[in-house]
Amino acid sequence: MLLPADLPTPLQVLDDPDFARAGVELRLKRDDLAHPTVPGNKWRKLAPNLAYAWETGARGLLTYGGAYSTHLRAVAAAAQALGLPSIGVVRGDELAAAPRNWSLRAAEECGMELRFVARADYRALLTDRRPPAPGWLVLPEGGSNPLAVQGAATVPAEIPDLGPRDLLVCPVGTGGTLAGLAAGLPPGARALGVAVLRGEGYLEREVAALHRATYAREFDNWRITHAHHAGGYGRLTPELTAFADEFEQRHGLPLERRYVAKTLHAVHHAVVTGQLPPGTRVTVVVTGLPDPV
């Protein structure tokens, strides 16, 4: 397999007093440990696309993202490992002349050519998805397409004994990971997505569309909560930061803040407010690594 990962990723049980008082079990599916340079849900979603690129003799990879896009970095690293050129279309032409942040710098260090476009033009390019030259594979923003959904759908099979008391939880940015998790669940188990950006209604439509495109059907075993995005993508509130700091100190586990911390905060809120009945077993998919200090 291209870019072999360390699978199955560990399943870590956490002893958390708030969860224990509520009679709810908390586990972490440590997909952040899947691969050193293409970690977490990025490996799950990219691996089938990379296999397709290799099998079809793709000449390069083009994709899209913002200034701190984990997806851009992952595609850059994957393309480098395959010996392919890569292009990243970056939202915000004002960034072109600015000093590179750590994320964009990491993508360039892997050989990715960055092309900065005006924010007003960026959405149209996402729809157009025109390859820069014949033979290039174009990946959508966040990497969410039917192949990516199939990749994410392999996660539940690595978790033993899933059933009616189980809730599998993940962050939602573009919907591909949630779509895959829901499709891969056995009967009775359910999936919860935690929106990390403003997108009520839109994200539900995206997940449903991915299900139709991948499986020619829809699933009714999932939902998305929109109460914990902290104001938008990449935004953090003092409450969220305080929760993440306390969680890290309590469990000795550094948290990625834009996705993972928001997801755990949402689950914790559901537990302490009595939204999850006793006996529920929650498994949070840790989708990525903390940002470098």
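Note: the structure precedes this text.
Treat the numbers as computed from the prediction; the structure is a model and nothing was measured. (Residues numbered from 1 in each chain as written. Predicted model: local features only at pLDDT ≥ 70, side-chain atom pairs only at ≥ 80, totals over all residues. Heavy atoms only, no water.)

A few points about unusual backbone geometry
In the segment running from L7 into P8, the intervening peptide bond is cis, with an omega of -5 degrees. Relative to the helices and strands, P8 is located in the segment before β1 (11-14). Despite not being glycine, R129 shows a phi value in the positive range, around 50 degrees. On the secondary structure map, R129 appears in the loop between α5 (119-128) and β6 (136-138). Classification of R129 as partly exposed rests on a relative accessible area of 43%. (Helix = DSSP H or I, 4+ residues; strand = E, 2+ residues; numbered from the N terminus. Buried < 20%, exposed > 50% of the residue type's maximum accessible area, 1.4 Å probe, protein only.)

Considering the packing of aromatic side chains
Applying the stated criterion across every chain, the model contains five aromatic pairs. Judged by centre distance (5.8 Å) and plane angle (70 degrees), the rings of Y233 and Y259 are edge-to-face. Taken together, the positions of Y233 in the loop between β9 (222-225) and α9 (238-251) and Y259 in helix α10 (residues 257-272) put the pair 26 residues apart, joining distant regions of the chain. Under the relative-accessibility criterion, Y233 is labelled partly exposed at 31%. We classify Y259 as buried; its relative accessible area is 18%. With a centroid separation of 5.9 Å and 40 degrees between ring planes, the pair formed by F243 and F247 is classed as tilted. Here F247 and F243 lie together in helix α9, a separation of four residues that amounts to about one turn. (Phe/Tyr/Trp six-rings, centres within 6.5 Å; stacked < 30°, edge-to-face > 60°.)

With respect to helix α7 (residues 176-184)
For α7, the buried fraction is high: seven of the nine residues fall into the buried class. Listed as buried for α7 are G176, T177, L178, A179, G180, L181 and A182.

As for the sheet that holds β1
Taking strand neighbours across the sheet as the criterion, the six strands line up as β1-β2-β10-β7-β8-β9 in an open arrangement whose pairing is mixed. In this open sheet, the two edge strands, each paired with only one partner strand, are β1 and β9. The average angle at which neighbouring strand axes cross in this sheet is 25 degrees, direction not considered. Here strand β8 (residues 190-195) runs beside β9; their pairing, made up of four bridges, is parallel. Directly across from G193, in β9, lies its bridge partner I224. Taken strand by strand, α7 contacts β7 (166-172), β8, β9 and β10 (281-285), and its axis lies near 160 degrees from that of β7. (Pairing = 2+ DSSP bridges. Axes fitted to C-alpha atoms, helices over the stretch in contact; angles between N-to-C directions. Contact = heavy atoms within 4.5 Å.)

Regarding the environment of L114
With respect to the helices, strands and loops of the structure, L114 is situated in strand β5 (residues 112-117). Taking relative accessible area as the criterion, L114 reaches 12% and is therefore assigned buried. It is 8.6 Å that separates the C-alpha atoms of L114 and A96, two residues lying 18 residues apart in sequence. Excluding residues that lie within four positions of it along the chain, L114 makes contacts with G88, V90, R100, L104, A107 and E108.

Points about the nonpolar core
By size, the foremost hydrophobic cluster in this structure holds 28 residues, and its most contacted members are V38, L46, L50, L61, V90, M112 and L114. For this core, the element with the highest residue contribution is helix α3 (residues 70-82), accounting for eight residues. Not counting residues up to four positions away in its chain, the partners in contact with V90 are G65, G66, A67, L72, L95, L104, L114, R115, F116, V117 and Y122. (Core = buried A, V, L, I, M, F, W, Y, C linked by side-chain atoms within 4.5 Å.)

Concerning the sheet that holds β6
The parallel open sheet is built from four strands, whose spatial order is β5-β4-β3-β6. With partners counted over all chains shown, the strands left at the sheet margins are β5 and β6, one partner each. Taken over all neighbouring pairs, the strand axes of this sheet differ in orientation by 20 degrees on average, direction set aside. Bridge count for strand β4 (residues 86-91) against β5 is six bridges, and the pairing is parallel. Bridge pairing links S86 to M112 in β5. Those strands touched by α3 are β3 (60-65), β4 and β5, and its axis lies near 170 degrees from that of β3.

As for the packing of α9 against α10
Think of two packed helices as two axes; the pair is described by the angle between the axes and how far apart they sit. Put simply, α9 and α10 touch, their axes get as near as 10 Å, and they point 85 degrees apart. In terms of their interaxial angle, α9 and α10 are classed as roughly perpendicular. Counted together, E239, L240, T241, F243, A244, D245, F247 and E248 of α9 and R257, A261, K262, L264, H265 and H268 of α10 form the full contact between these two elements. Residues that form the contact of α9 with α10 fall into these classes: six nonpolar, three polar and five charged. (Parallel < 35°, antiparallel > 145°, perpendicular 65-115°, else oblique. Nonpolar A, V, L, I, M, F, W, Y, C, P; charged D, E, K, R; others polar.)

A few points about the pattern of salt bridges
Counted according to the given criterion, the structure contains 20 salt bridges. Measuring nitrogen to oxygen at the nearest pair gives 2.9 Å for the salt bridge that ties R30 to D32. Here R30 falls in the buried class, since its relative accessible area comes to 11%. When salt bridges with common partners are traced through the structure, they connect D16, D18, R21, E246 and R250 into a single cluster. (Salt bridge = Lys/Arg side-chain N within 4 Å of Asp/Glu carboxyl O.)

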